[in-house]
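Report on the structure
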Amino acid sequence: MQAMEMLRDLAQRTSDKAVEDLGRLRRQQQESEVQLAQLKRYRDEYQQRLHDSLSNGVSSRRWQDYQQFIGSLDQAIEQQKRRLGAQQQHVDQGVQRWQGERRKLNAYETLHARGERAQARIEARQDQRQSDEMAAQLRRRQQEMSHFD
């Protein structure tokens, strides 16, 4: 029974660790989503500045600088999207790991509960045997006493 409790406790700690890891992965994913949204918003703002500058007239050099910077933002957005995709895979793996650890914990808890029920049945049978023995001894004594009367 102690070995089963040790296994159950170990599975509980492993499951708890998987939950912590999953939480960390989800927070990282959310941070990446926020960064992606910021990059997109910044790109849109910069695109609007370019549009406004074009309507007021802009030198070709300034137009090229805008285009180059927007291109850099586009690259950063694509890189952030890839990073976010990788983080989503990590989250998915974390979910699978947690689910596996949880199934293992549930199995150990089930086995532990079965073991406790089996032990309780054994103890109940032992108690019943002792009770039956005591009752039989009491009957024998009563019978012996009735022979003397």
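Read on for an overview of the structure. As the structure is a computational prediction, the values presented were derived from the model and not from experiment.

Under the defined criterion, the tally for this structure stands at seven salt bridges. Among the salt bridges present, the one from Arg-8 reaches Asp-9, with a minimum N-O distance of 4.0 Å. For Arg-8, a relative accessible area of 23% gives the class partly exposed. Two residues, Arg-97 and Asp-21, come together in a salt bridge whose shortest N-O distance is 2.8 Å. Of the two residues, Arg-97 is situated in helix α2 (residues 60-148) and Asp-21 in helix α1 (residues 2-56); the sequence distance between them amounts to 76 residues. Residue classification places Arg-97 among the partly exposed residues on the basis of a relative accessible area of 34%. Connected via shared salt-bridge partners are Lys-17, Asp-21 and Arg-97.

Another point: the nonpolar core. Core analysis: the largest hydrophobic core is formed by five residues, namely Tyr-46, Leu-50, Tyr-66, Ile-70 and Leu-73. Of all the secondary-structure elements, those providing two or more residues to this core are α1 and α2. Examining the composition of this core, we find that three residues originate from one element, α2, more than from any other. When neighbours within four sequence positions are excluded, Leu-50 is seen to be in contact with Trp-63, Tyr-66, Gln-67 and Ile-70.

The next thing to look at is the side chain of His-112. Looking at where His-112 falls in the secondary structure, it is placed in helix α2. Given a relative accessible area of 4%, His-112 falls into the buried group. A polar side-chain atom of His-112 sits 2.8 Å from a polar atom in the side chain of Arg-8.

A few words on the environment of Glu-109. Summarising the element assignment, Glu-109 is placed in helix α2. A residue is classified by how much of its surface remains accessible, and Glu-109, at 32% relative accessible area, is partly exposed. Along the chain, Glu-109 and Arg-8 lie 101 residues apart, while their C-alpha atoms are 6.4 Å from each other.

Rules and cut-offs
- Residues numbered from 1 in each chain as written.
- Predicted model: local features only at pLDDT ≥ 70, side-chain atom pairs only at ≥ 80, totals over all residues.
- Heavy atoms only, no water.
- Salt bridge = Lys/Arg side-chain N within 4 Å of Asp/Glu carboxyl O.
- Buried < 20%, exposed > 50% of the residue type's maximum accessible area, 1.4 Å probe, protein only.
- Helix = DSSP H or I, 4+ residues; strand = E, 2+ residues; numbered from the N terminus.
- Core = buried A, V, L, I, M, F, W, Y, C linked by side-chain atoms within 4.5 Å.
- Contact = heavy atoms within 4.5 Å.
- Polar contact = N/O pair within 3.5 Å; in protein donor to acceptor, adjacent residues only side chain to side chain.

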